[in-house]
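One letter stands for each residue in the lines below.
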Amino acid sequence: MSDTPPEPAAEEAEGAQEQTGDPADEPAAPAPLGVPRTPTGDARVDTALERLADADHLAADGHLEVYEDVHGALREALTALDNPIASMPHDNRS
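So, here's what we can say about the structure.

How each quantity is defined
Residues numbered from 1 in each chain as written. Predicted model: local features only at pLDDT ≥ 70, side-chain atom pairs only at ≥ 80, totals over all residues. Heavy atoms only, no water. Salt bridge = Lys/Arg side-chain N within 4 Å of Asp/Glu carboxyl O. Buried < 20%, exposed > 50% of the residue type's maximum accessible area, 1.4 Å probe, protein only. Helix = DSSP H or I, 4+ residues; strand = E, 2+ residues; numbered from the N terminus. Expected span 1.5 Å × (residues − 1). Arc of directions from axis to C-beta. Axes fitted to C-alpha atoms, helices over the stretch in contact; angles between N-to-C directions. Parallel < 35°, antiparallel > 145°, perpendicular 65-115°, else oblique. Contact = heavy atoms within 4.5 Å.

Per the stated rule, a full pass over the model turns up three salt bridges. Residue Asp54 pairs with Arg51 through a salt bridge whose shortest N-O separation is 2.6 Å. Overall, the relative accessible area of 37% leaves Asp54 in the partly exposed class. Owing to a relative accessible area of 24%, Arg51 belongs among the partly exposed residues under this scheme. Here Asp69 ties to Arg51 by a salt bridge, and the two come within 2.5 Å at their closest N and O atoms.

On to helix H3 (residues 63-82), then. In this model H3 runs 29 Å from its N-terminal to its C-terminal C-alpha over 20 residues, within 8% of the 28 Å that 1.5 Å per residue would give. The complete set of buried residues in H3 reads Val66, Val70, Ala77 and Ala80. The buried side chains of H3 occupy one side of the element, clustering within an arc of 85° when seen end-on. Set apart from the buried face of H3 by more than 90 degrees, the exposed residues are Leu64, Glu65, Arg75, Leu78 and Asp82.

Following both chains from N to C, one finds helix H2 (residues 43-51) and H3 inclined at 170°, their axes separated by 9 Å at the closest point. It follows that H2 is roughly antiparallel to H3 by the angle criterion. Of the residues in H3, those in contact with Arg44, Val45, Ala48 and Arg51 of H2 are Glu65, Val66, Asp69, Val70, Ala73, Leu74, Ala77 and Ala80.

Purely geometric stuff here, so don't read any function into it on its own.
In structure tokens:
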């Protein structure tokens, strides 16, 4: 070690490097995963699955809300299968 203080230019260069950091250390921007969604033929299920595309544009901490919405919609569609009469449109003709 040396008793002489470092040159100011060297300190400034180190400070600038610490502030900007390495771009490789920064998190990547949200990007679509490119997972294909094949239509199922059930409008409720297809709508829920299309909602998954919303997660493609969110940071990871925003995915939970989308996944919970999709899970709820899929659960409702499955529950409706247990009671097909309630899930059918009503025909009020006499």
